[in-house]
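# Secondary and tertiary structure notes
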Amino acid sequence: MDQFTLNLIVVGASFALYFGIAFWARAGSTSEFYAASQGVPPVMNGMATAADWMSAASFISMAGLIAFGGYNNSVFLMGWTGGYVLLALLLAPYLRKFGKFTVPEFVGDRFYSTSARMVAVICLLVISITYVIGQMVGVGVTFARFLEVSTTTGLLIGSAVVFAYAVFGGMKGITYTQVAQYVVLIIAYTIPALFISLQLTGNFLPQLGLIGGYAPSSTPDDFFLHKLDQVVTELGFAAYTADTPNMFNMFLVTMSLMIGTAGLPHVIIRFFTVPKVSDARSSAGWALVFIALLYTVAPAVGSMARLNITTTFWPGAIEGSAFDKPALSVEEINTNPELSWILNWQKTGLLVFEDKNGDGLIQYFNEKPALAAANKALADANKALAEAPADADKAALEAKVTEAKAALDAALADPANGLNGKSLAEQGLVGNELTTVNNDIMVLANPEIAKLPGWVIALVAAGALAAALSTAAGLLLAISSAISHDLIKGALKPDISEKGELLWARISMAFAIVLATWLGLDPPGFAAQVVALAFGLAAATIFPVLMMGIFSTRVTKEGAIAGMLVGLITTSVYIFLYLGWFFVPGTNMFPNTPDAHFLGISPAAFGPIGALLNFAVAYIVSGMTKAPPQDVQDLIQSIRVPKGAGAAQAH
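Residues numbered from 1 in each chain as written. Predicted model: local features only at pLDDT ≥ 70, side-chain atom pairs only at ≥ 80, totals over all residues. Heavy atoms only, no water.

### Focus on the nonpolar core
Within soluble globular proteins, side chains that are nonpolar tend to cluster in buried spots. Formally: Buried residues of nine kinds, namely Ala, Val, Leu, Ile, Met, Phe, Trp, Tyr and Cys, make up a nonpolar core once their side-chain atoms join them within 4.5 Å. Whether a residue is buried, partly exposed or exposed follows from its accessible area with a 1.4 Å probe, protein chains only, as a fraction of its type maximum: under 20%, in between, or over 50%, in that order. Each helix corresponds to a stretch of at least 4 residues labelled H or I by DSSP, and each strand to a stretch of at least 2 residues labelled E; elements are numbered beginning at the N terminus. In this document the domain limits rely on a domain assignment from an automatic tool or a database.
Counting 191 residues, the largest nonpolar core has F59, V107 and L546 as the members making the most contacts within it. With 22 residues, helix α22 (residues 454–492) is the single largest residue contributor to this core. Split by domain, the residues of this core number at least three in each of domain 1 (58–304 + 451–640) and domain 2 (318–437). Counting residues in hydrophobic clusters, the runner-up holds 9 residues, among them L371, A374, L378 and V401.

### Here's the deal with the confidence of the model for the protein chain
Note the threshold: pLDDT is defined as a per-residue confidence score from the predictor, taking values between 0 and 100. The contact definition used throughout considers only heavy atoms, calling two residues in contact when any of these lie within 4.5 Å.
Predicted confidence across the protein chain gives a mean pLDDT of 81, with 90% of residues reaching 70 or more. Mean pLDDT across the elements of the protein chain ranges from a minimum in helix α2 (residues 30–35), with 62, to a maximum in helix α27 (residues 607–623), with 94. Low pLDDT (under 50) marks residues 644–651, which in the prediction has 0 contacts with non-local residues, meaning those over four places away or in another chain.

### Remarks on the packing of aromatic side chains
Here is the rule we go by: The criterion for an aromatic pair is that two Phe, Tyr or Trp rings (for Trp, the six-membered ring) have centres within 6.5 Å, with stacked assigned to planes under 30 degrees apart, edge-to-face to planes over 60 apart and tilted to the rest. By the criterion adopted, a ring carries a charge over it if an Arg CZ or a Lys NZ lies within 6 Å of its centre and within 35 degrees of its normal.
Enumeration over the complete set of coordinates arrives at 11 aromatic pairs. Taking 6.0 Å as the distance between ring centres and 25° as the angle between the ring planes, the aromatic pair formed by W286 and F290 counts as stacked. Of this pair, W286 and F290 both sit in helix α14 (residues 277–295), 4 residues apart, which is roughly one turn of that helix. Take W286: its relative accessible area is 38%, and that puts it in the partly exposed class. Residue classification places F290 among the buried residues on the basis of a relative accessible area of 11%. Site record: aromatic cluster; members linked through ring pairs are Y574, Y578, F590 and F606. Across the ring face of F237, the terminal group of R306 is positioned such that the distance to the ring centre comes to 5.2 Å.

### Structural notes on the domain arrangement of the protein chain
Selection criterion: By buried area we mean the combined loss of accessible area, with a 1.4 Å probe, across both parts when two parts are placed together. Counted as salt bridges are all cases of a side-chain nitrogen of Lys or Arg within 4 Å of a carboxyl oxygen of Asp or Glu. In the analysis that follows, any N or O atom pair within 3.5 Å is treated as a polar contact, provided that within protein one partner can donate a hydrogen and the other can accept it, and provided that, for residues neighboring in sequence, both atoms belong to side chains.
Partitioning the protein chain into structural domains gives domain 1 (58–304 + 451–640) and domain 2 (318–437). Between the C-alpha centres of domain 1 and domain 2 the distance comes to 39 Å. Taken together, the 14 residues of domain 1 in the interface contact 18 residues of domain 2. Interface of domain 1 and domain 2: buried area, both sides summed, is about 1,500 Å²; carbon and sulfur atoms make up 59% of it. By the criterion of area lost to domain 2, the three top residues of domain 1 are R145, E234 and L235, representing 38% of everything that side buries. Joining domain 1 to domain 2, the criterion identifies 0 salt bridges. There are 7 residue pairs in polar contact (both at pLDDT 80 or more) connecting domain 1 and domain 2. Elements supplying a minimum of two residues to the side of domain 1 that touches domain 2: α8 (114–146) and α11 (224–234).

This is the structure:
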């Protein structure tokens, strides 16, 4: 059976399962649509939360970012995991005890203000829409490769699938679908990792393989990470285990992901679905267990994918130096069935190679900026000379070619621009010829690169789609409930019937799917990077207002509104300055490069700064305004007291 047919069967079977569950668990009331009637058992809710949590960013992009960023991108592991613990300890039980359906509803009641609720709705919509872009990117990438269609077509297919089961099922249908999706995605992620770890390290468990030996090596004490560092540094890249050049930015990104996690609306609403407050804590613990099954494997997947793709293009690196054997040839790519994955990914535009020097080989290495500039200058000069009219004075153009050749020779002679102790000229290399390797393909291509069986490849496709679709559904539900329950019923039409509210919930979800699809057609970055921006916005807006709402009786409605607006505006503006206004390409005011970032703070790292401004403004404004009513202060105290706790006794 060919790979395409196998992909169709496995992916189709998983979709049939999701549709069947959604039909069985379709929502018939607003309680079922928003919170699954608060009847989901803790273990099942933990599994659904893990699926909701482990999005396309976790399944598809995180290992890819770790693969090419090494230690520097471990912020995703540290931030997301630590943030989930923060959410479980500080927010989930209290919000469940409050007993409402949505985050804006809590904000509106706690801060005794419809205006506060509306500001929370705005914040939630901005966060969720930004986040869902990343999921749609993941859906498009996965469909594009495994169903052999364009990324745009893949995105449209994924949107139709989400529409089919999320619009009608609501939280009830989504919850039970996410349980199935978790099972699919965790199997799909771990099985290839087990195979590849056994191949490269001899260890069955990837977690042990990462710190174990390198199996193909004849040297007994040759460790896997040592081999990876050797190969990538030979090719001019930074060492995989190298420390970060900007620890301050790394700290801020980690904090942004951590506190942003605790402010993500689509994760928080999962804790509204359990029967009791104690179940909220219990389901949070179970979710952490289920999440850990993937997160402890991700570093091994990323590092092993990096070594596999590098040794594919430099076969000599498997047992010795990268330059011991010639690079991979174009002929072998075109004729070797085991390398068909390269041509398949090339069709998607996510992996691109070009034989620049015409030697029939594809050399993959890190071309230093000085060399890249010199090569480009020479190519431009030669092009200008070739395209000059016959009657033109070519002396000046020939002089520019000579000047460009001299500049290139100088760059080649610089030891800082050489590879393996030789200049590029001595090695016959003219620029990196593997010109594009999208981070988002690493997990998806990993089984093919490692030459694993076809059923494993199909399983990974199904797992990636399960991860993206499960989180997309949760986000779309958060958007839908914010519009129908908080905006329409909470402010515009309080007397709307339950049937009318349910209709608006489905209409708003359908609209959100259309918007998310449109934004996913031209995303501002890789799936994980787009998601990181959403976390920054959540860190600057939702997390501070929830913390102050639960743990402070002094913060007023004026303070909460001002704080949220300041956090939202400052963080959004900072992101837009570097990534374009509303992510429109070409509208950015500054280049998104480390040297252009203010104090070295990247857009994904600004969340904690926005959170500090939120807290500061909220407390300053609260100090200048009238204290909250006594009944609100009593409400705050009550949600922090465990049910059944007796009065304090004197001793």
